[in-house]
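So the chains spell out like this:
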Amino acid sequence: MRATDTVQLGRTNLRVTRLGLGTAPLGGLFREVEDGVAVRVVERAYELGLRLFDTAPLYGSGYSERRVGAALGQYPRDSYVLATKVGRLLRQGAPPDPTQIRDGQSIYRGTPEGVQPVFDFSADGIRLSYDESLQRLGLDRIDILHIHDPDDNYETALRDAYPVLADMRSRGVIGAVGAGMNQPEMPASFARAADFDCFLLAGRYTLLDQSGLDELLPLCAERGISVICGGTFNSGILANPSPGATYAYAPASEEILARAQRLQDICQNHDVPLAAAAIQFPMGHSAVASVVIGARSEQEIEQNVALFELPIPAALWAELKAEGVLAENVPVPESDA
């Protein structure tokens, strides 16, 4: 499978590349990124043929959206698919969100002074979030709008936010309605309760965590809903499972580190980098349309494309199952090796 292969997104008219660029790192996630570097990363992804770009107001309190828009604005608007998110407004002087604080500071570095995200899943808040994202992006439309992290706001998201997005879709303002979350249970409930086109599932369908397979992915396959998988490296540990690695945005436990190192050992038996197996693994499920992966340099996006396209022998997946690292019922990608 090539990173630039395209597939239909759910039942929409949108087509997305199998590999997309996630842009939380371009908002300064864990490390500050200069404007010029961030713009160049997006440009390089486009030059390499990637045509799915995912951003959000949360990522660097608007910095990611501004940088993505600055880069994509030079290309034909119909040549790429752009996703952003609603459910958080950026407000000067708002109190910090404790979930975004690590070791006394924001996980986003170099962000605008005093600007903080504020949850708002109301109908008016959704409309305002869309308008403000368009202003930051400097573009004329957004293709996919995800309801972002409504974990504690299920009823409001379904009652107030979703109808606004469904109306925007019916009027052709956006092309797809989705939800972006770090858990599979609520998107499964959304899939049963309303007409969603796609879900962005972060960190819950990976070599370390296949909880998305319990309910969400089979349900999406049945209903023609596409899943976009993010967090395939589980915050970094599947890229480099060494002491001090992070998992789910926090230091990995000894048990998680040992599991990741066991995965790496098996991959090494087949001369395959663990990162290649990690980035390709989600594509084994028919409901998965794309993987979005972050990068903070041109070199990283080039490496990610190479990892996504590296031939992996079927024997690797077979050994992972034989060793009990993957369950027998877990689908795996077809081998190109």
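Cut-offs applied
Residues numbered from 1 in each chain as written. Predicted model: local features only at pLDDT ≥ 70, side-chain atom pairs only at ≥ 80, totals over all residues. Heavy atoms only, no water. Helix = DSSP H or I, 4+ residues; strand = E, 2+ residues; numbered from the N terminus. Rg over C-alpha atoms; globule rule 2.2 N^0.38 Å. Buried < 20%, exposed > 50% of the residue type's maximum accessible area, 1.4 Å probe, protein only. Contact = heavy atoms within 4.5 Å. Areas by Shrake-Rupley, 256 points an atom, 1.4 Å probe, with all protein chains shown as cover. Lys, Arg positive; Asp, Glu negative; His and termini not counted. Charge placed at Lys NZ, Arg CZ, Asp CG, Glu CD. 1 Å grid on protein atoms, 1.4 Å probe; cavity = no way out; pocket = protein on both sides within 12 Å on 5 of 7 lines; lining within 4 Å. Points joined across faces, edges and corners; volume = space filled by probe spheres on them. Nonpolar A, V, L, I, M, F, W, Y, C, P; charged D, E, K, R; others polar. Axes fitted to C-alpha atoms, helices over the stretch in contact; angles between N-to-C directions. Parallel < 35°, antiparallel > 145°, perpendicular 65-115°, else oblique. Left-handed = near helix turned anticlockwise from the far one by under 90°. Phe/Tyr/Trp six-rings, centres within 6.5 Å; stacked < 30°, edge-to-face > 60°. Lys NZ or Arg CZ within 6 Å of the ring centre and 35° of its normal. Core = buried A, V, L, I, M, F, W, Y, C linked by side-chain atoms within 4.5 Å. Salt bridge = Lys/Arg side-chain N within 4 Å of Asp/Glu carboxyl O.

A short note on the overall build of the chain
Phase 1: The helix and strand tally for the chain stands at ten helices and 16 strands.
Phase 2: Whereas a compact globule of 337 residues would reach a radius of gyration of roughly 20 Å, the chain reaches 19 Å, a difference of no more than 12%.
Phase 3: Overall size of the chain, expressed as C-alpha extent along the three principal axes, is 55 × 40 × 40 Å.
Phase 4: Looking at the chain as a whole, 56% of its 337 residues qualify as buried.
Phase 5: Within the chain, counting contacts between residues at least 6 apart in sequence, those at least 24 apart form 74% of the total.
Phase 6: As presented, the chain carries roughly 13,600 Å² of accessible surface, and 47% of it is formed by carbon and sulfur atoms.
Phase 7: Treating the 29 positive side-chain charges of the chain as one cloud and the 44 negative ones as another, the clouds have centres 4 Å apart.

Looking at empty space enclosed by the protein
Phase 1: Applying the stated criterion to the full structure yields one cavity of 30 Å³ or more.
Phase 2: Of the volumes computed, that of the largest cavity is approximately 30 Å³.
Phase 3: Residue assignment for the lining of the largest cavity shows that the elements contributing at least two residues are strand 4 (52–54) and strand 10 (144–148).
Phase 4: Of the residues belonging to the lining of the largest cavity, the class tally is six nonpolar, one polar and one charged.

Here's the deal with the packing of helix 5 (residues 185–193) against helix 6 (residues 216–223)
Phase 1: Contact pair helix 5 / helix 6: the axes reach a minimum separation of 9 Å and the direction vectors enclose 25°. On the basis of their axis angle, the class for helix 5 and helix 6 is roughly parallel. Here the hand of the crossing between helix 5 and helix 6 comes out left-handed. Residues Pro-187, Ala-188, Ala-191 and Arg-192 of helix 5 pack against Leu-216, Leu-219 and Arg-223 of helix 6.
Phase 2: Partitioning the contact of helix 5 with helix 6 into residue classes produces five nonpolar, no polar and two charged.

A few points about the packing of aromatic side chains
Phase 1: Tallied over the full model, the rule gives ten aromatic pairs.
Phase 2: For the pair Phe-53 and Tyr-80, a centre-to-centre distance of 6.2 Å together with 90° between the ring planes defines the contact as edge-to-face. Here Phe-53 is found in strand 4, whereas its partner Tyr-80 is found in the loop between helix 2 (63–72) and strand 5 (81–86), with 27 residues between them in sequence. Tyr-80 carries the same exposure label as Phe-53, and that label is buried.
Phase 3: These aromatic residues form a ring-pair network of at least three members: Tyr-154, Tyr-162, Phe-190, Phe-196 and Phe-199.
Phase 4: A cation over an aromatic ring shows up here: Arg-51 above the ring of Tyr-46, its NZ or CZ 3.6 Å from the ring centre.

Some remarks on the nonpolar core
The nonpolar side chains of soluble globular proteins are, as a tendency, buried together.
Phase 1: Core analysis: the largest hydrophobic core is formed by 95 residues, its most contacted members being Ile-147, Leu-207 and Leu-238.
Phase 2: When residues in this core are grouped by element, the largest group, eight residues, is from helix 4 (residues 154–170).
Phase 3: Residues in contact with Leu-207, not counting those within four places in the same chain, are Leu-238, Arg-259, Leu-263, Leu-274, Ala-277, Ala-278, Phe-281, Trp-317, Leu-320 and Leu-326.
Phase 4: In this structure, Val-16, Leu-52, Cys-198 and Val-292 belong to the second largest nonpolar core, which totals 14 residues.

Observations concerning the pattern of salt bridges
Phase 1: Across all of its chains, the model carries 25 salt bridges by this definition.
Phase 2: We note a salt bridge from Arg-67 to Asp-35, for which the minimum N-O separation is 2.6 Å. Placement of the pair is Arg-67 in helix 2 and Asp-35 in helix 1 (residues 35–47), with a sequence separation of 32 residues.
Phase 3: Owing to a relative accessible area of 49%, Asp-35 belongs among the partly exposed residues under this scheme.
Phase 4: Measuring nitrogen to oxygen at the nearest pair gives 2.7 Å for the salt bridge that ties Asp-54 to Lys-85. Of this pair, Asp-54 sits in strand 4 while Lys-85 sits in strand 5, placing them 31 residues apart in sequence. Each member of the pair, Asp-54 as well as Lys-85, carries the same accessibility label: buried.
Phase 5: Sharing partners across several salt bridges, the network here consists of Arg-40, Glu-43, Arg-44, Glu-47, Glu-298 and Glu-302.

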